[in-house]
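Examination of the molecular architecture
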Amino acid sequence: MNTEIKEIDGKYVVTLEGEMDTAAANEAEEVLKELYKNEGKEVVFECKDLEYIASSGLRILINILKVTMAKGSRVVLRNVNDDIKNVFKLTGFLNIFEFE
């Protein structure tokens, strides 16, 4: 699992690559903790190379969504493949995230 945050055009662009299983989610969370300090910048998760997400990965994304939206920002998931989108659908999270 590779997780990277870059600031581009006033947004945080987060690249998620590989499989976000439980072990990888713990490592990714360490990188993504930086987003909890976000003060109003849009957060875009680039998911084109994300192959799998476990419930622990979903929990991390939900927490970031809550914190970021509470500070007036927006969270977008971009280029999510059908398998991962189906996980969001099955868990009831499809309607709480914005997809591009």
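Rules of the game
Residues numbered from 1 in each chain as written. Predicted model: local features only at pLDDT ≥ 70, side-chain atom pairs only at ≥ 80, totals over all residues. Heavy atoms only, no water. Core = buried A, V, L, I, M, F, W, Y, C linked by side-chain atoms within 4.5 Å. Buried < 20%, exposed > 50% of the residue type's maximum accessible area, 1.4 Å probe, protein only. Helix = DSSP H or I, 4+ residues; strand = E, 2+ residues; numbered from the N terminus. Contact = heavy atoms within 4.5 Å. Salt bridge = Lys/Arg side-chain N within 4 Å of Asp/Glu carboxyl O. Patch = residues over 30% accessible without salt bridge, like charges linked within 9 Å, V, L, I, M, F, W, Y side chains within 5 Å. Areas by Shrake-Rupley, 256 points an atom, 1.4 Å probe, with all protein chains shown as cover. Lys, Arg positive; Asp, Glu negative; His and termini not counted. Charge placed at Lys NZ, Arg CZ, Asp CG, Glu CD. Pairing = 2+ DSSP bridges. Right-handed = clockwise from strand over helix to strand, strands pointing away. Phe/Tyr/Trp six-rings, centres within 6.5 Å; stacked < 30°, edge-to-face > 60°.

**Considering the nonpolar core**
Membership of the largest hydrophobic core comes to 25 residues, with the highest contact counts inside it found for Leu-32, Leu-35 and Phe-45. Among the elements of the structure, strand E2 (11–20), helix H1 (22–32), strand E3 (43–53), helix H2 (55–70), strand E4 (75–78) and helix H3 (82–91) are those that each provide at least two residues to this core. Residues contacting Leu-35, with those up to four places away along its chain left out, are Ile-5, Tyr-12, Val-14, Val-43, Phe-45, Ile-64 and Thr-68.

**Thoughts on the pattern of salt bridges**
Scanning all chains against the criterion turns up nine salt bridges. Here Lys-41 and Glu-7 are joined by a salt bridge, their closest N and O atoms 2.3 Å apart. Of the two residues, Lys-41 sits in the loop between H1 and E3 while Glu-7 sits in strand E1 (residues 2–8), which places them 34 residues apart along the sequence. Through salt bridges that share partners, Glu-42, Arg-74, Arg-78, Glu-98 and Glu-100 make up one connected network.

**Regarding a negative patch on the surface**
A surface patch of negative charge is lined by Glu-19, Asp-21, Glu-27, Asp-49 and Glu-51. In this fold, Asp-21 is placed in the loop between E2 and H1. On the basis of relative accessibility, which here comes to 32%, the residue Asp-21 falls in the partly exposed class.

**Things to note about the pairing of E3**
Two strands pair when backbone bridges link them, and E2 and E3 are joined in this way by eight bridges, in the parallel orientation. Its bridge partner lying in E3, Val-14 is registered against Phe-45. At this point the chain moves from E2, through H1, to the parallel E3, and the crossover so formed is right-handed. By the bridge criterion, four bridges tie E3 to E4 in an arrangement that is parallel. Considered in E4, the bridge of Val-43 is made with Val-75. Following the backbone out of E3, through H2 and into the adjacent parallel E4, one traces a crossover that is right-handed.

**Observations regarding the packing of aromatic side chains**
Counting across every chain of the model gives two aromatic pairs. Ring centres of Phe-88 and Phe-97 lie 5.4 Å apart, and the angle between their planes is 85°; on these two criteria the pair is classed as edge-to-face. With a relative accessible area of 1%, Phe-88 lands in the buried category. Between Phe-88 and Phe-99, the aromatic rings sit 5.5 Å apart at their centres with planes inclined by 85°, giving edge-to-face as the arrangement. Taken together, the residues Phe-88 in helix H3 and Phe-99 in strand E5 (residues 98–99) connect sequence positions eleven residues apart. Three or more aromatic residues joined by ring pairs form one cluster here, namely Phe-88, Phe-97 and Phe-99.

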